[in-house]
Amino acid sequence: MEDSYNGEFSGYKRIDRFNESVTEQISEHYTGIIKLLGEDVEREGLQKTPLRVAKAMQFLLQGYEQDPEAMIRKAMFKEDYKQMVIVKDIEIYSMCEHHMLPFIGKAHVGYIPNGYITGLSKIARVVDAFARRLQVQERLTSQIKDCIQQTLNPLGVAVVIEAQHLCMQMRGVQKQHSVTTTSDFTGAFERVATREEFIRLISSK
Ligand SMILES: Nc1nc2c(ncn2[C@@H]2O[C@H](COP(=O)(O)OP(=O)(O)OP(=O)(O)O)[C@@H](O)[C@H]2O)c(=O)[nH]1
Ligand SMILES: [Zn+2]
């Protein structure tokens, strides 16, 4: 999808234009899938649906085209601040790799700088870049943590994700209200007191 990048590489992909050949191929597959599911792909409402779905799926899974480490590395600033930085309530729209159905929730990310801070928006961009892939919630949590640890080399990183999985709500076990919480920590957050401070801060309204 070479032609879908902005000129200067910064880790982001332009999301308003997709590679035409890939879009066309995905679209053809969806035409087949819709037919196999018993629908008439020629009827008016469905004529453009395979194309729309092809674009939607590429949007939802655009994380493969992004480089989360590059996003942070281009916005690292020297700073002596050594207290906790927390970005909480970052919306997550990810796709369960088992059923290709969404899981939706919030990520809370904290780190304790060790000479460098990063732009706050970059934390949310890193979350998005990993979320917009076929995922399990556990791996998503760890990938966000590893990315921040490897780039900023902070004194510690903490990531908590709370999410609802449509594969458990719309189908399968059909539990409408279940919420899954995952967490992963490094460094200073392995100390109970530090971790508890983080949990207290992300729990406050
Ligand atoms: N650990 C984990 N499991 C997930 C996640 N998303 C979906 N799942 C689970 O993946 C499992 C796949 O189990 P399978 O038995 O292979 O699939 P299935 O027959 O469709 O399972 P049911 O959903 O129970 O009907 C299910 O238990 C899902 O709930 C996730 O992010 N993490
Ligand atoms: Zn699933």
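Residues numbered from 1 in each chain as written. Chains lettered and ligands numbered in written order. Predicted model: local features only at pLDDT ≥ 70, side-chain atom pairs only at ≥ 80, totals over all residues. Heavy atoms only, no water.

S.K.: So what exactly am I meant to see when it comes to the domain arrangement of the protein here?
M.R.: Size of an interface: often given as the accessible area lost when the parts come together. Segmentation of the protein into domains returns domain 1 (2–64) and domain 2 (68–203). Computed from C-alpha coordinates alone, the two centres of domain 1 and domain 2 are separated by 28 Å. Domain 1 puts eleven residues into the contact, and the matching count from domain 2 is eleven residues. With both sides pooled, the region where domain 1 packs onto domain 2 buries about 1,000 Å², and carbon together with sulfur makes up 67% of that total. (Domains from an automatic or database assignment. Contact = heavy atoms within 4.5 Å. Buried area = accessible area lost by both parts, 1.4 Å probe.)

S.K.: Would you mind showing me how to read the site of ligand 1 here?
M.R.: Around ligand 1, the structure places C96, H98, H99, V136, Q137, E138, H165, C167, M168, R171 and G172. Residue H99 places a side-chain N or O atom 2.7 Å away from an oxygen atom belonging to ligand 1. E138 places a polar side-chain atom, nitrogen or oxygen, 2.7 Å from a nitrogen atom of ligand 1. Contact with the protein chains removes 50% of the 630 Å² of surface that ligand 1 exposes when unbound. The set of elements that each furnish at least two residues to the shell around ligand 1 consists of α5 (137–152) and α6 (166–169). Taken together, the residues that form the shell around ligand 1 break down as four nonpolar, five polar and two charged. (Near = heavy atom within 4 Å. Polar contact = N/O pair within 3.5 Å; in protein donor to acceptor, adjacent residues only side chain to side chain. Areas by Shrake-Rupley, 256 points an atom, 1.4 Å probe, with all protein chains shown as cover. Helix = DSSP H or I, 4+ residues; strand = E, 2+ residues; numbered from the N terminus. Nonpolar A, V, L, I, M, F, W, Y, C, P; charged D, E, K, R; others polar.)

S.K.: Looking at this structure, how should I read the packing of helix α4 (residues 120–131) against α5?
M.R.: The packing of two helices is summarised by the inter-axis angle and the distance between the axes. The contact between α4 and α5 brings their axes to 10 Å, and the two run at 135°. With respect to α5, the axis of α4 lies oblique. Both α4 and α5 take part in a crossing whose hand is right-handed. Contacts between α4 and α5 involve I123, V126, V127, F130 and A131 on the former and, on the latter, L140, Q143, I144, C147 and I148. Of the residues belonging to the contact of α4 with α5, the class tally is nine nonpolar, one polar and no charged. (Axes fitted to C-alpha atoms, helices over the stretch in contact; angles between N-to-C directions. Parallel < 35°, antiparallel > 145°, perpendicular 65-115°, else oblique. Left-handed = near helix turned anticlockwise from the far one by under 90°.)

S.K.: Even after reading the chapter, I still don't get the UniProt feature "binding site: Zn(2+)" (unreviewed entry) in the protein, so can you show me in this structure?
M.R.: The UniProt record annotates "binding site: Zn(2+)" (unreviewed entry) at C96, H99 and C167. On the basis of their most widely separated C-alpha atoms, the annotated residues across 72 residues gather in one place, lying no more than 7.8 Å apart. Relative to the assigned elements, H99 resides in the loop between β2 (85–96) and β3 (102–112). Beyond its immediate stretch of four places on either side in the chain, H99 contacts C167 and R171. Position of C167 relative to the elements: it lies in helix α6. The residues contacting C167, other than those within four sequence positions of it, are C96, H99, L101 and G172. (UniProt positions renumbered as here; feature names shortened; annotations may be inferred.)

S.K.: Before we go on, may I ask you to explain the pairing of strand β6 (residues 156–165) in this structure?
M.R.: Moving residue by residue along a regular strand, the side chains alternate between the two faces of the sheet. Along β6, eight of the ten residues are buried, which leaves the element largely enclosed by surrounding structure. Pairing of β3 with β6, which is carried by ten bridges, proceeds in the antiparallel orientation. Its bridge partner being in β6, F103 is matched across the sheet by H165. Sheet topology places β6 next to strand β7 (residues 180–185); six bridges connect them, and they run antiparallel. (Buried < 20%, exposed > 50% of the residue type's maximum accessible area, 1.4 Å probe, protein only. Pairing = 2+ DSSP bridges.)

S.K.: Mind showing me how you'd approach the coordination of the zinc ion (ligand 2) here?
M.R.: In the first shell of the zinc ion (ligand 2), the protein supplies C96 (SG), H99 (ND1) and C167 (SG), at 2.0 to 2.4 Å from the metal. Counting the intervening residues between successive donors of the zinc ion (ligand 2) yields the motif C-x2-H-x67-C. In this pair, C96 sits in strand β2 while C167 sits in helix α6, placing the two residues 71 residues apart along the sequence. We classify C96 as buried; its relative accessible area is 4%. Given a relative accessible area of 11%, C167 falls into the buried group. (Donors = N, O, S within 2.8 Å, 3.2 Å for Na, K, Ca; no water.)

S.K.: Is there a simple way to think about the nonpolar core in this case?
M.R.: One recurring pattern in soluble globular proteins: nonpolar side chains tend to sit buried together. One finds V109, L140, I144, I148 and I161 to be the most contacted residues of the largest nonpolar core, which totals 25 residues. Broken down by secondary-structure element, the contributors of at least two residues to this core are β2, β3, α4, α5 and β6. Not counting the four nearest positions on each side in its chain, L140 is found in contact with I92, S94, F103, V127, F130, A131, Q135 and I161. Within the second largest apolar cluster, nine residues are counted, among which are I112, A158, F185 and F189. (Core = buried A, V, L, I, M, F, W, Y, C linked by side-chain atoms within 4.5 Å.)

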